[in-house]
Every structure is written in C-alpha cells, then in structure tokens.
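A closer look at the structure
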Amino acid sequence: MMDIRLLGPLEVRDREGRTIDIGGARLRLLLILLALEPGKVVTAGRLIDGIWGDQPPAGAGNALQSLVSRLRRLLPDGVLHARPAGYLLDVDPDDVDCFRFERQPQAAGELWRGTALADAGDAPWATSWRVRFDELRLTVAEAGTPDIPELEALAAAHPHRERIAGLLMRALHQQGRTPEALMVFERYRRRLADELGTDPAPSLARLHLELLRAGEPAVQGNLRTPLTSFVGRDVEVRNLARTVASNRLVTLVGPGGAGKTRLSLEAGRALAPAPPDGVWLVELAPVTAPADVVQAVWAALGMRDPAGGAAPGLLAAGRDGSDSTGRLCNALALRRLTIVLDNCEHVVAAAAELADRLLGAGPDLHVLATSREPLGITGEVLHPVEPLPLPPADADPASARDFASVLLFLDRAALVRPELATDRDSVAAMVRICRALDGMPLAIELAAARCRTLAPAQIADRLDDRFRLLTRGSRTALPRHQTLRATVDWSWDLLDAAERAMLRRLAVFPGGATLESAAAVCDPGGELGDPLELLTTLVDKSLLLVDDAGRYRMLETIRAYGLERLDEQGETAALRARHGAWFLDLIERLEGRLRTRDQLAALAAISAEHDNVHGALRRAIADGDAATATRFVAGVGWYWWLGGHRVEGAALAAAALMLPGEVDPDVRALACGVAAVNGFDGLGDTTMLNDWFREALTYRGPNSMFRLFEAVAGLFRDGPTPEVMARIERLADDPEPWTASLGHLLHGHTLLNVGGRFGEAAGEFRASLDGFRALGERWGMAFALAALAEVIARDGRHEEAIGHFEEALRYLRELGATEDRPVTEVRLAQLYGLLGRFDKAEETLAEARRTAQRSGVPDSIAFVEYAFAHRALRLGDLDQARARFAHALALVGDHRVSPQMMAMLTSGRALLLALDGDRPAAGAALREAFAHARASFDAPVVGTVLDDAAEIALLLGDPARAVTLAAGADAVRGGPDRTRPWTAAVAARAGAALGDADRAAATSLGAATTIDTVDRLLAAPQ
C-alpha cells in the first residue's frame, strides 16, 4: 500500500510511487513512531512521550489529536485509524524499509541512505532501534564483500571493529594498494593501544604479517606513499582512473595550487587493473631546459640511456634508436605502463613532443600529464581540475562540513592544532577562508598551516593581504608550492609582455569581462594585439575562466595578484577610470529600456554586470567623485528596484548622495528620486527619505519619472489626502504609457487604502495590467496581477486569484526580483490552503521563507513568519503559534518595518493572549495594533485588526461589541474578506448570542464606520 523509509531521512511514497511530503518535525516523529509498530495500536501516552519527551504541552491529548488529523490528511485514505487506546498505522511490515531489511539483510546496500531514523534526532527511544539496525548492518557487511568506499565508511563509523579492518586491508591489497592496507593496520593498532590498552587479535596480526611478506607490490612504479590524507575528490579519482584506463593521453589542466599533482598520483594508485609494468612519476618541475625532458623520464624509470653506457634499471633498453627519445621509445614499445608527466607547463612543447612519440611507439603505454595549459596533441583528453566545492556564505556548521573545501581545512588544521575549536563562529570563519581562497587546495592548506598561531577568524580577517599571510608551506614541497605568491609567480613568469599586460588590466573587473569590455577597457588603442587571442591564451594557461556566456573571470587570488602588478606599473588610476566610464555608459544606455518590452534583455545585461557596476560605483564613492557616483545612482536605481537589490542600493545611494562636490542638478534630483523609492525597503531613515523626495521634486528635465516622484512623495509625506489622491489620479492620464500604467496601479492601491472602493480599485488594476501588457513590461504586469488577485480573492474567487498570483510569480522570477516575491508567495500559499491543496500550500510557504531570507528585507522575513504563526493559530496549535509570533517579533527587533506588518503581528499576539484569558495584556496589544493600523493609512489592514478585535471581544464575553467590530471591519475595507473565512463564523456566533433588536443595533453601529471614523468605534466602551 505504501513505502515508508526510515533507514535515513524519512521518505514516504504512495502505491503509485508518488512522494508524500510530511512537513513539520512533530508530524515526522508521529509517523516514525507509528511505522515502527506497523499494524499495531500505539497508545496515546507512548506517542505523546515520543513526540514531546518530558515537556508535553498543556492539553497534550488535543495536541496529539491535531497532529493525527494533519497526518491523516497527508496519507492515503484508510491508512491511519483511531482506536480506543491509541492509534494504528494500517500497513504491512514489508511496507517499512527497516523491517524489509531485517527480513532480507542482503538488500542493505539498496535500502540504507544514511543514519537510521535520522528525523528522530536525539530522541531517547530512537537509540535502541538504531543499535538494532546498525548491528545487523555490520553483520551483513562482515559476511559480504562490500567495496572499498563502503568499507572505509564503516571503519570510520566503527573504529574498533576488527572484522571491518581486516576486510578493508584485504580489499586494498587486492587493488594493489598494499601500503595503504598496512596503514589501516597501524592506525587500528594505535587506536586499540591508546583507547583500550590492548593489541589487535592474532588473526588480524597474521594478516598484517602476510601482507608484509607479500613480496613485490601488485603495482610496480615509483609512486610514493602519501603523508597526508586525500580529501574531497574520491569520486573524481575513480572517474579519472577510468578515463586514464580507456584513453592513451589524459591531461589534468588547472591553475597553480588546484591539486593536479596529488590528483594524478591518487588516480595512478587507483588504476584497475593496475598496469603490469607499473605507474611511474616523472617530475618535470626541476627541469630547466626542454632538451632535458627525455632524460628526466629515463631517470624516473630507473634507466640510463644506452648511448651513455649500460642500462641496468628495472626496464631494459630495446633496439638502438637514432636519438635519446627514439631509444626511449624502443625501450618502452612492448611495455604496459602509465607515465605521469607532472608539471609540464614550462616545457610544454618538449613534453608534448615526447608524449606524442611515446604513445606512437607503445600501444599499451598511457600518459597522464599535469599542466597549466594543454599539451595540444591530437587525441588528448582534457580533465579540468576545478577548485573544491564551496559552502554558501551562511552555511551552518553541520552543512559546512559536507563541503570538501572545509573538510580539507579542518583536516590540515588538525595537524598543527589538534584542539582547534569547531564551534559555530570558528566554522563560519573557515567558510569565509575557503570562499575567499576560491576553494583552491594549496591556498587552503597554507591557510590551515597558520592555525598553529592564529584562530580561523584572525586568518579570515587578514586575507586582504593573502600573499603576505600564506607563506609557510612544507619545506620539502616545490619552491613554488611553499608560498601563495610563488605559486602565482610561476604562472606569471611563463607569460609574454602582452599576456601580462592583459592579465593585470583584467584585474580591474570585479565581475569578469566580456570580449567587448575587455578590449575597450584593457587595450582601447589595440597595442597589445588581438584581444580574443590573448584571452584564449590566458584561458589555456589556467589564469582565466570562461563561462558558457563568454564571460572571462579570474579566481580572487589571481585577481589580487593582478591588482598588485597593476599598481607596480602605475596603471591603476587609468584602468579604473576607463572601467567606470564603460559601465556608466552601459547603464545609461539601458536604463530607459527597463520600462519597455525590452525589459528582460536590459535587466539581464545589467544583472550580468552587477559586480562591475557596483564595483565602479563603490570606487567613485571611495574616491569622493560625487558627479560620477550620482550619475551611477540615477542610472542604476530602477535596476535596483526591479532586480530586488533595494537594501544594497539604498545604502550605496546614501553614500553617494552624501558626497560633497558639484553635480548636475537634474541628475542629482533623479538620483534622489530613485534613492527614495528604493529607500522604502532598504533604509530606515525617514528624515533622509524626506530630504531625497524634496530634492527629487526640483527635477526639470524630460524624464517622466519626475511625475512619479511627485505622486509618491505626496503619499509618503501626507498620506492619501484629497490633493494627493487627485495628483495620483492625474498620473493615470499621463501621456507617457509606462507612467500612466503605473498611475492606474497606484490609484487602485490608494482606493483600497481609503476603504470601501473594491470595484473601482479592480478597474484601475485591470487598466494598469492592460497598459503594462501593451508595453510588455513584466514588473508592472506582475504588480498589477498581484493587486488584482488580492481584490478577486477577497471577493471569494479564489481559483481565479490563484491564476493571477501564479502568473505574477512567473514574471517576478524572470526578473529575478527576490525582494518582491515573498508576499506574493505567502498569499498564494494561503489560497492553496483555502482550496485544500495542502501540499502546494506547504511547498509555496517554504519557498517564501527561502526567498525572504535571501532578500534580507525585514518586512518580508517578518511577513513569512507571521504567515506560519497565523496558520498554527488557525490550526489550533497554540504552542507553535506563540513560539512563531514571538520569533516574528524578535526578527523585527530594531529593524524598520511597515506599520502594516507591525499591526498584523501585534493583532495576532493580542488574539493569542485573549485565548489564554489574559484580558489586560490582550487589550494592550490590541490598542498597539490599532495604533499601527491607523498609521498605515491602509483600510484592509485596519479591517484585519478589526476582525481580530471582534474575535477577541467574543472570547472575552462581549458578543454585541464583536458584532459591531465585525460589521466595522467589512465597512472599512468595503466588504467581507473571504480569504479569512473564520471571520464570518465569528460574526455568526456573536450574532446568535443577541436578540434581533440588539443584533441590528450593533450591526448598524459598525456598518456606519469609515477609515476616517474608525477611531470613534475603537473609543467605544470595551
């Protein structure tokens, strides 16, 4: 009937194989507890203990019943049953993976996906179950033949299990990795001695002796046993080994410090089957003359060139050749071996010629090369060596450890500082380090070595001067791997003058460059030569990365090096000026297109250059260049609004507009206008917003944005006064189509805000939508659709409203407008819930939370938390509702959020206090909510607070006041809000408690209320 998976994170599928999303930690605990007793009654007491432990909520039985009801809605019909003593999950044991595993333990590999009962966390009852399943899993593993990665994982999880250690030793030996097998024994022996004070069992000691006496290792060659663990590329090693086995020439390419050498050696050790004549490392780094490359191969193979005397080494020379390379080809012609040519870049032509001749002479010979540029031979397979994966900047400690870059730092740091702290702040600093160093293994290892004397946070703070900091590599490493600067110097020294000039000048681009911008900024006169050829060469030499869109980027370490070289040449000021001028011209050309059907293309063009535009603006601010900084703000302000960068944009605008200096008055007025519009979300300084609006109204140029600023400034300063309303209404008749469409949208919102004019507002929103559709302007269409959806939803046409909200979200996603999405996603989720689409509601609400967190806008974050809190309240989960309302208010903290948001939060809290019977506290919270609602000039929000007040009045035993307040809510906003169906039930219950005359009088009193007279209603006796 179902498939319930407990051997890892909880997964549930129905009979058709569709995944059932069990949202919420307590719901998942409930299902796990029931699934562990399939087909049996689990008592309510056991379920309450298992879910809440020793802190059950008040009314635990009701809370459990609510959870069961929610779970029953998610599961197929007829699966979850109530019984007198508890509840029963009607499934067969074979429907639960852990019991299938007990019956068929040979299926362990197919069933296990991680820690058993992962979603049960550290619940005490889960321990015995985990021990039961884990023990069986180990027994199965010991009786079978698991592969090396699985054995390594089991050995790490069960370090004292002798049988696992022995299996791993045998498996490694059979793969020709006997030294590693011996290291497994040594680690096991030391662990037993240090932790238990005992020795390995005789059987394991005999195996150790057997391996020591095994004679010649399975793989001949000269690969050394590594001194450190290999972190983060296990899958890549296996894939690379397969590539080398099936291709004659494979070249690892990547920048210095990417780990090419270590990867090649690990792949050589992993070749299966191992080449009969071995894997041989040829280190070309010490070679200084191309002619000496072939001699390095002779020496690495333990041979001497026959022309110079006897050749006693491991491989005897064959037929005489006419030259040293020919003689080497003859010697290896019949051999089956793999040669690793390491560090080819400085002798790339000689290495390429030698590889070509060796491969042509020996059909069973393979070459694995490492180089910062390809060898350029026909048949060469390139294997780019990328930086290690990076965690997101805000990764928590647990998830950060899933990323190879952080694992490498932790591993190497432990070598110099075993007691290194791994708390949240320390791991956050490690994340900063790895991200700043682009995930480059050598740089990370050099940074980790600094942990001997510095904390991770101190290292992270000093990476602005990374070349001075990262200087303590291994004394036995190649000189260019002992410091970060030496690594980059090696690549720099291999460039010619034109390549060096292009590389250092490209460092001025914080966001990478296109071919066009690179040519214009780095070489406007064309003195360096063909820019495409130069860029291609730098890509080939692993100093630039190029993406599918043709954008050339640098790793931050290369860029930092390039900026130093730029300073040395005295070119920094000129390059910054050319860079700023190029991107200022770009945004001024594209700004007007942001309000046309070319909007997406223009937005994409500016978004692609986001880092360059902001970098140029920040440089202008840092240089005190008021004229340039103000032009940037005027040009990029609408991009900030559309693209969801209001918080960042408002901060940059504030810094630019505070600069002293002469600026064109109209440019400054435009900049002030767009700064003020963005500042609604991104700035908490009301005085500054007022100043910006005042300056914006001095604009006298042709841009229609002035008329927008005039209308918005009036709303901001005075609210929806008749004069402001008339000004907005005139905006809808503007001769410029975009401005007129926006005027209809603003007019519709002001009609809603003054209350009682739903029908007129809907007409304005439709006119706005028609205008924006004619222009093909997606931002306008999205906002008009969302506004129209709100009106339609309040009228009860939920399906139609959902269609509008979904279309609006499509446009917002196309625009990348992160800051504008959470409210629309929340409203859509609420409508899904009203129509019983609970899975869609949960999915959309979760997406709203992720979007709000990415946006960083306090209003959006608080609104999403309010939605979760209000949903819990309506589901009767008062404990969760209290926690979520408290969390939402804590998130607001000292942040500036809208009075609408504060009104809803405090009103919801007042309702909770009333449910708890705390009349004084509920009254105080409700008065605070009313104050915020009145300050918002927003009739629908005032109506929402009145709805909550009516419910509170009914709870506190005053049905007459409840009827009055409910009628007042409908009157203020212009009708009932059918997205809040419980309000009708409140009004009905309150009315039923009154006689006809009293009910009519109470209703009449409330129905006469308007947005202007609501204070009198609120001042009526409580």
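Just so we're clear, the structure is a prediction, and the values are computed from it rather than from any experiment. (Residues numbered from 1 in each chain as written. Predicted model: local features only at pLDDT ≥ 70, side-chain atom pairs only at ≥ 80, totals over all residues. Heavy atoms only, no water.)

1. Focus: the overall build of the protein
How we decide: We count a stretch as a helix when DSSP gives it H or I for four or more residues in a row; a strand needs E for two or more, and each element gets its number in order from the N terminus. Using a 1.4 Å probe on the protein chains alone, a residue whose accessible area is under 20% of its type maximum counts as buried, one over 50% counts as exposed, and one in between counts as partly exposed. Here, residues are in contact when the closest pair of their heavy atoms is within 4.5 Å. Residue exposure ignores everything except the shown protein chains as possible cover, and the areas themselves are Shrake-Rupley values with a 1.4 Å probe. Residues counted as positive are Lys and Arg, residues counted as negative are Asp and Glu, and His and the chain ends are not counted. Charged groups are reduced to one reference atom each: NZ for lysine, CZ for arginine, CG for aspartic acid, CD for glutamic acid.
When helices and strands are counted, the protein shows 50 helices and twelve strands. Reported as C-alpha extents along the three principal axes, the dimensions of the protein are approximately 120 × 80 × 50 Å. Looking at the 1022 residues of the protein, the share that counts as buried comes to 51%. Contacts in the protein between residues far apart in sequence, at least 24 positions, make up 66% of those at least 6 positions apart. Summed over its atoms, the accessible surface of the protein is roughly 44,200 Å², and 52% of this surface lies on carbon and sulfur atoms. Seen as two clouds, the 114 positive and the 138 negative side-chain charges of the protein have centres 3 Å apart.

2. A word on the sheet that holds strand S8 (residues 337-342)
Hydrogen bonds between backbone groups are what pair the strands of a sheet, and the pairing can be parallel or antiparallel. The condition is simple: Between any two strands, pairing holds if DSSP finds at least two bridges. What counts as an axis is a line fitted to C-alpha atoms, over the stretch in contact for a helix, and the angles between N-to-C directions run from 0 to 180 degrees.
One open sheet accounts for five strands, arranged S7-S8-S9-S6-S10; its pairing is parallel. The two strands at the open ends of the sheet, each matched to only one other strand, are strand S7 (279-283) and strand S10 (381-384). Put simply, the sheet's adjacent strands are angled 20 degrees from each other on average, direction ignored. In terms of strand pairing, S7 meets S8 through five bridges, oriented parallel. By the bridge assignment, glutamate 283 is partnered in S8 with aspartate 342. Sitting on the sheet, helix H15 (residues 348-361) is in contact with strand S6 (249-253), S8 and strand S9 (365-371), with an inclination near 165 degrees to S9.

3. Section: the confidence of the model for the protein
Keep in mind that low pLDDT regions are not for reading the predicted coordinates in detail. Defined as follows: Confidence scores labelled pLDDT are given residue by residue by the predictor and lie between 0 and 100.
In the predicted model, the protein carries a mean pLDDT of 85, and the fraction of residues at 70 or more is 92%. The lowest-confidence element of the protein is helix H34 (residues 705-718), averaging 65 in pLDDT; the highest-confidence one is helix H24 (residues 515-522), averaging 95. Note on residues 309-322: pLDDT under 50 across the span, and 29 contacts to partners over four residues away in sequence or across chains.

4. Things to note about the pairing of strand S5 (residues 86-89)
As a general feature of sheets, a regular strand has side chains that alternate between the two faces. Here strand S3 (residues 41-43) pairs with S5 via three bridges, running antiparallel. Residue pairing across strands places threonine 43 opposite glycine 86, the latter belonging to S5. Bridge analysis of strand S4 (residues 80-83) against S5 gives four bridges, and the strand direction is antiparallel. Note on S5: the bridge partner recorded for arginine 83 is glycine 86. The antiparallel pairing of S4 with S5 creates a hairpin that spans two residues between the two strands.

5. Quick notes on the packing of aromatic side chains
Counted only if it meets this: Here the aromatic set is Phe, Tyr and Trp, taking the six-membered ring for Trp, and pairing holds for ring centres within 6.5 Å; pairs whose planes are under 30 degrees apart are stacked, those over 60 apart are edge-to-face, and all others are tilted. Placement of a charge over a ring requires the Lys NZ or Arg CZ to be within 6 Å of the ring centre, with the centre-to-atom vector within 35 degrees of the ring normal.
Tallied over the full model, the rule gives eleven aromatic pairs. Between phenylalanine 509 and phenylalanine 583 the ring centres are 6.0 Å apart and the planes differ by 80 degrees, which places this aromatic pair in the edge-to-face class. A residue pair is termed long-range when its members are at least 10 positions apart, and phenylalanine 509 in the loop between helix H23 (497-506) and H24 and phenylalanine 583 in helix H27 (residues 572-590) qualify at 74 residues. Classification of phenylalanine 583 by relative accessible area gives buried; the value is 0%. A network of ring pairs unites the aromatic residues Trp638, Trp641, Trp738, Trp779 and Phe783 as a single cluster. For the cation-ring pair, arginine 849 lies above phenylalanine 868, with the distance from its terminal atom to the ring centre recorded as 4.2 Å.

6. Let's talk about helix H2 (residues 44-52)
Selection rule: Arc, as used here, means the arc of the directions from the helix axis to the C-beta atoms.
All buried positions along H2 are accounted for by Leu47, Ile48, Gly50, Ile51 and Trp52. One face of H2 carries all of its buried residues, which in axial projection span an arc of 165 degrees. Of the residues trailing H2, glycine 53 is marked for its positive phi of about 65 degrees.

7. Looking at the pattern of salt bridges
What counts here: Each salt bridge in this description consists of a side-chain nitrogen of Lys or Arg and a carboxyl oxygen of Asp or Glu lying within 4 Å of one another.
In total, this model carries 63 salt bridges according to the counting rule given. Glutamate 236 is paired through a salt bridge with arginine 233; the nearest N and O atoms lie 3.1 Å apart. Arginine 233 carries the same exposure label as glutamate 236, and that label is buried. In this structure, aspartate 947 engages arginine 980 in a salt bridge whose closest nitrogen and oxygen atoms are separated by 3.3 Å. Taken as a pair, aspartate 947 in helix H46 (residues 939-955) and arginine 980 in the loop between helix H47 (959-973) and helix H48 (982-992) lie far apart in primary sequence, 33 residues in all. Both residues of the pair, aspartate 947 and arginine 980, count as buried. Connected via shared salt-bridge partners are Arg813, Arg821, Glu825, Glu847, Arg850 and Arg854.

8. What to know about the sheet that holds S3
Pairing in this open sheet of three strands is antiparallel, and the strands run S3-S5-S4 from one edge to the other. The open sheet is flanked by S3 and S4, the only strands paired with a single partner. On average, each strand axis in the sheet is inclined to that of its neighbour by 30 degrees, with strand direction left out of account. On the sheet, H2 packs against S3 and S5 and is oriented at approximately 65 degrees with respect to S3.

9. Brief notes about the packing of helix H40 (residues 821-834) against helix H41 (residues 838-855)
When two helices pack together, their arrangement is given by the angle between the helix axes and the distance between those axes. Which entries qualify depends on this criterion: Small angles under 35 degrees read as roughly parallel and large ones over 145 as roughly antiparallel, with 65 to 115 read as roughly perpendicular and the rest as oblique. Rotating anticlockwise by less than a right angle from the far helix to the near helix defines a left-handed crossing, while the corresponding clockwise rotation defines a right-handed one.
As a packed pair, H40 and H41 sit with axes 8 Å apart at the nearest point and diverge in direction by 165 degrees. Taken together, the axes of H40 and H41 are roughly antiparallel relative to one another. For H40 against H41, the interelement crossing comes out left-handed. Residues Arg821, Pro822, Glu825, Val826, Leu828, Ala829, Tyr832 and Gly833 of H40 form the contact with H41, whose own contacting residues are Phe838, Lys840, Ala841, Thr844, Leu845, Glu847, Ala848, Thr851, Ala852 and Arg854.

10. A word on unusual backbone geometry
With a phi angle near 55 degrees, leucine 117 is a residue other than glycine that sits in the positive phi range. Residue position: leucine 117 is located in the loop between helix H5 (108-111) and helix H6 (124-143). By relative accessible area, leucine 117 is classed as buried at 1%. A positive phi angle, near 60 degrees, is found at aspartate 438, a position not held by glycine. The residue aspartate 438 is located in the loop between helix H18 (424-436) and helix H19 (441-449) in this model.

11. Notes on the side chain of aspartate 438
By relative accessible area, aspartate 438 is classed as buried at 13%. If we ignore the near neighbours within four places in the chain, the residues touching aspartate 438 are Pro387, Leu390, Leu555, Glu556 and Thr557.

12. Considerations on the nonpolar core
In plain terms, the rule: To form a nonpolar core, buried Ala, Val, Leu, Ile, Met, Phe, Trp, Tyr and Cys residues must be joined to one another through side-chain atoms within 4.5 Å.
Counting residues in each nonpolar core, the largest one holds 165 residues, and the members touching the most others are Phe409, Leu503, Leu506 and Trp692. With twelve residues, the single largest contributor to this core is helix H38 (residues 778-794). With residues up to four places along the chain from it excluded, the contact list for leucine 503 reads Trp492, Leu495, Leu538, Leu543, Leu544, Met554 and Ile558. Membership of the second largest hydrophobic core comes to 59 residues, among which are Ala862, Ala949, Val963 and Leu1017.

13. Observations concerning the packing of helix H45 (residues 919-935) against H46
Going by this rule: Under the convention adopted here, Pro, Cys and the residues Ala, Val, Leu, Ile, Met, Phe, Trp and Tyr are nonpolar, Asp, Glu, Lys and Arg are charged, and Gly plus all remaining residues are polar.
One way to put it is that H45 packs onto H46 with a least axis distance of 9 Å and a crossing angle of 165 degrees. As the angle between them shows, H45 and H46 are arranged roughly antiparallel. Along this stretch, H45 crosses H46, giving a crossing that reads as left-handed. Along its contact with H45, which presents Leu926, Ala929, Phe930, Ala933 and Arg934, the element H46 presents Val941, Val942, Val945, Leu946, Ala949 and Ile952. In terms of residue class, the contact of H45 with H46 is made up of ten nonpolar, no polar and one charged.

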